[in-house]
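Spelled out, the chains give:
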Amino acid sequence: RQFCSEYREGRTPTYAEFMGSRIYDEYTPMDLEALLKLMDQYPDVRIITDSKHSSSTTVKKQFKAIVSTAKRLGIPEVLDRFIVELYTKDMYKVVEGIHHFKEYILTLYKLLGKAPSKSRLQNLASFCRKNGINTIAMYAKWWNPKYTGYVKSYGIDLALYTVNDPDGAPEYFSE
């Protein structure tokens with residue numbers, strides 16, 4: 001199955017092509033305005049912004065669009081249900097300069113590229129606590145049982161990227 005009927009390797013569909021196609025021949029695409037309206041209609045919807053970008057220019061453009069569209073639609077309260085995924089410490093400053101979001105996740109795969117040392121993880125947890133970032137996320141293959149205690153001592157949650165192994169997943173759970 002193809003993601004979008006207008007998608008061709010090496011070519012991005014136009015907005016009209018994307019919006020006029022079914023995703024995997026089944027799902028209706030949404031733009032930002034439709035997503036925000038859906039969030040307004042369904043107050044239990046929360047969004048994690050997995051933007052994949054960390055350059056200041058791109059981050060500013062993306063988050064200004066999110067915030068200005070929510071305000072233009074008269075539903076700025078939906079912004080409280082965005083969980084902003086951060087790829088660098090500097091990205092936090094850029095996003096905060098646009099809007100203060102209630103929840104953040106500092107994700108480590110772009111920031112570190114490898115499993116963190118104890119001191120590096122504690123340094124990041126300290127940064128998170130100082131800046132109101134609730135969660136640090138990492139690959140399951142990087143996880144060490146001790147990591148949970150390191151970040152919990154700072155009041156930060158530790159999350160792992162998706163574990164697609166129902167039998168193996170329980171090893172990652174902690175009290």
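Preceding block: the structure.
Rules behind the numbers
- Residues numbered from 1 in each chain as written.
- Predicted model: local features only at pLDDT ≥ 70, side-chain atom pairs only at ≥ 80, totals over all residues.
- Heavy atoms only, no water.
- Pairing = 2+ DSSP bridges.
- Helix = DSSP H or I, 4+ residues; strand = E, 2+ residues; numbered from the N terminus.
- Axes fitted to C-alpha atoms, helices over the stretch in contact; angles between N-to-C directions.
- Phe/Tyr/Trp six-rings, centres within 6.5 Å; stacked < 30°, edge-to-face > 60°.
- Buried < 20%, exposed > 50% of the residue type's maximum accessible area, 1.4 Å probe, protein only.
- Lys NZ or Arg CZ within 6 Å of the ring centre and 35° of its normal.
- Core = buried A, V, L, I, M, F, W, Y, C linked by side-chain atoms within 4.5 Å.
- Contact = heavy atoms within 4.5 Å.
- Right-handed = clockwise from strand over helix to strand, strands pointing away.
- Salt bridge = Lys/Arg side-chain N within 4 Å of Asp/Glu carboxyl O.

Trainee: So, the sheet that holds strand β1 (residues 47-49): which residues are in play, and what are the values?
Mentor: Strand order in this open sheet of five strands is β1-β2-β3-β4-β5, and the pairing throughout is parallel. The strands lining the two open edges of the sheet, one partner per strand, are β1 and β5 (157-160). Each adjacent strand pair in this sheet contributes to an overall mean axis angle of 25°, direction not counted. Pairing of strand β4 (residues 135-138) with β5, which is carried by four bridges, proceeds in the parallel orientation. Following the sheet pairing, A137 is matched in β5 by A159.

Trainee: A description of the packing of aromatic side chains should follow, citing residues and the corresponding values.
Mentor: What the rule picks out here adds up to 11 aromatic pairs. Centre to centre, the rings of F63 and F101 are 5.8 Å apart; their planes meet at 75°, and the pair counts as edge-to-face. Of the two residues, F63 is situated in helix α3 (residues 56-72) and F101 in the loop between α4 (89-98) and β3 (103-107); the sequence distance between them amounts to 38 residues. We note that F63, like F101, is buried. With a centroid separation of 6.0 Å and 50° between ring planes, the pair formed by Y109 and Y139 is classed as tilted. Separated by 30 residues along the polypeptide, Y109 in the loop between β3 and α5 (118-131) and Y139 in the loop between β4 and α6 (145-152) bring together distant segments of the chain. Overall, the relative accessible area of 31% leaves Y139 in the partly exposed class. Linked through ring pairs, F63, F82, Y92, F101, Y104 and F127 together constitute an aromatic cluster. A cation over a ring is seen here: K110 above Y87, with NZ or CZ 4.9 Å from the ring centre. The ring of Y139 has K141 sitting right over it, with the charged end atom 5.2 Å from the ring centre.

Trainee: Residue-level account of the nonpolar core, with values.
Mentor: One finds L86, V95, F101 and I136 to be the most contacted residues of the largest nonpolar core, which totals 39 residues. Mapped by element, the contributors of at least two residues to this core are α2 (32-41), α3, β2 (82-86), α4, β3, α5, β4 and α6. With residues near it in sequence (within four places) discarded, V95 still touches V59, F63, V84, L86, F101 and Y104.

Trainee: Give a detailed account of the pairing of β2, specifying residues and quantitative values.
Mentor: For β2, a buried count of five out of five residues is recorded, marking the element as mostly surrounded by other parts of the structure. Of the two faces of β2, the one carrying F82, V84 and L86 and the one carrying I83 and E85 are both buried. Two strands pair when backbone bridges link them, and β1 and β2 are joined in this way by three bridges, in the parallel orientation. Counted as the bridge partner of T49 is V84 from β2. For the crossover from β2 across α4 to β3, the handedness is right-handed.

Trainee: Kindly report on the pattern of salt bridges, identifying the contributing residues and their values.
Mentor: Here the structure, examined in full by the defined rule, presents seven salt bridges. E33 is paired through a salt bridge with R72; the nearest N and O atoms lie 3.0 Å apart. Linking E33 in helix α2 with R72 in helix α3, this pair joins segments that are 39 residues apart in sequence. Residue E33 is classed as partly exposed on the basis of its relative accessible area, which comes to 26%. Owing to a relative accessible area of 56%, R72 belongs among the exposed residues under this scheme. E103 is the salt-bridge partner of R46, the closest N and O atoms lying 2.2 Å from each other.

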